[in-house]
Every structure is written in C-alpha cells, then in structure tokens.
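Remarks on the overall topology
Each chain is listed here by its residues.
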Amino acid sequence: MSGDSILLVEDNPNDVEFTMRALTRHNLASYVSIARDGATAIDFMFGTGAHADRLGMDKPRLVLLDLKLPKVSGIEVLRRLKADQTTRRVPVVMLTSSAEERDIATAYDLGVNSYIVKPVSFENFAVSIGDVGLYWFSLNRQPHES
C-alpha cells in the first residue's frame, strides 16, 4: 500500500462498480482499496481489527466516502478521521446521493475536503470521478508526513 492509493468506502455494489470503472477510465485504479461499511473503513485507516496488519503503513492519498453506510455512518467515519492526528490531513471527499443541506453542512463542519452529489448517469459520474482524481492526484499539493 502506498501513499498514492485511494480508499473507496461504499456499500452499494453498483456504485462500487461505477466508481471502479470511472477510476479505470482515468488511470486512477492502480491501487484502490474498498471498504463496504464504516467500521471496516475505520479499521483500515487505523490498522485495527481485520486490518491490524496495516498498522504503521502509509495512509491512502484520498478517501472517497459515502454518507449512508452500514455499521458506522460516513459522518462518524469522517469525524474519527479528522479528529485523529495521524489521519486528519488525509483528504476526504464525500461522494454521496444526499443533496440535503443538513448533510452538506455537517460534513463541512467536520472537515470534509469536498462534497460531491453522485450524478445519475454513468457518463456524468465518470467525468466527476475523473475531475476528482485530476485535482487530488495532479493539482493538489499535500504536506509530507513528518
């Protein structure tokens, strides 16, 4: 696992497939890890539970996080990531079907880096994922971990 990876946190199999197809189309799928619920995402990021073998490994360069997840909500995952010294700088993009103002405001209050409402069509979705990838992997600069 390298710092040029993406953690996709998504429980809907169709959205996982669409996201992977879009990332592949934009040459961004070289290393994507998938967590299908919030508890797995937390374990992955902190090297606990089933992902205890990841303890001390590089964090992903980007987290694509759904809002509505089983076990632990996307909001709680975001809260945990942004509250911890070791994960707070990892960019988190909320990628969700919710356009509710309350959800958007809560996500930004907790430190989300971007909030994207999933487009309905695959073509629009692929463009959105490509834009996200271009920004976070080509244009954005992040500090090196000390």
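For the structure, see preceding data.
Residues numbered from 1 in each chain as written. Predicted model: local features only at pLDDT ≥ 70, side-chain atom pairs only at ≥ 80, totals over all residues. Heavy atoms only, no water.

On to the pattern of salt bridges. Overall, the coordinates contain eight salt bridges when judged by the stated rule. For Glu-123, the salt bridge is made with Arg-25, and the minimal N-O distance between the two is 3.0 Å. A residue pair is termed long-range when its members are at least 10 positions apart, and Glu-123 in helix 5 (residues 122-139) and Arg-25 in helix 1 (residues 13-25) qualify at 98 residues. Among the residues examined, Glu-123 registers a relative accessible area of 44% and is labelled partly exposed. Taking the shortest distance from any N to any O, the salt bridge between Arg-79 and Glu-76 comes out at 2.7 Å. Separated by three residues within a single helix, Arg-79 and Glu-76 lie in helix 3 (residues 74-83), roughly one turn from each other. The class of Arg-79 is partly exposed, set by a relative accessible area of 38%. Each member of the salt-bridge network shares a partner with another, and the members are Glu-10, Asp-15, Asp-66 and Lys-118. (Salt bridge = Lys/Arg side-chain N within 4 Å of Asp/Glu carboxyl O. Helix = DSSP H or I, 4+ residues; strand = E, 2+ residues; numbered from the N terminus. Buried < 20%, exposed > 50% of the residue type's maximum accessible area, 1.4 Å probe, protein only.)

Here we take up the nonpolar core. Counting 24 residues, the largest nonpolar core has Leu-7, Val-9, Met-45, Val-63, Leu-65 and Met-94 as its most contacted members. Put simply, the parts of the chain that give this core at least two residues each are strand 1 (6-9), helix 2 (38-46), strand 3 (62-65), helix 3, strand 4 (92-96) and helix 4 (101-109). The biggest single contributor to this core is helix 2, with five residues. Filtering out sequence-adjacent residues up to four positions away, Met-94 remains in contact with Leu-65, Asp-66, Leu-67, Gly-74, Ile-75, Leu-78, Ala-107, Val-112, Ser-114, Tyr-115 and Ile-116. (Core = buried A, V, L, I, M, F, W, Y, C linked by side-chain atoms within 4.5 Å. Contact = heavy atoms within 4.5 Å.)

Let us look at unusual backbone geometry. The backbone of Lys-71 shows a phi angle near 70 degrees, a positive value even though the residue is not glycine. Note that Lys-71 resides in the loop between strand 3 and helix 3.

This paragraph deals with helix 4. Every α-helix carries 3.6 residues per turn, so stepping three or four residues along brings you back to the same face. Within helix 4, the full set of buried residues consists of Asp-103, Ile-104 and Ala-107. Within helix 4, the buried residues cover an arc of 100 degrees as seen down the axis, which keeps them to one side. Away from its buried face, by an angle of more than 90 degrees, helix 4 presents the exposed residues Glu-101, Arg-102 and Asp-109. In this structure, the buried residues of helix 4 make contact with helix 3, strand 4 and strand 5 (114-117). Directly after helix 4, the chain includes Gly-111, whose backbone phi takes a positive value near 105 degrees. (Arc of directions from axis to C-beta.)

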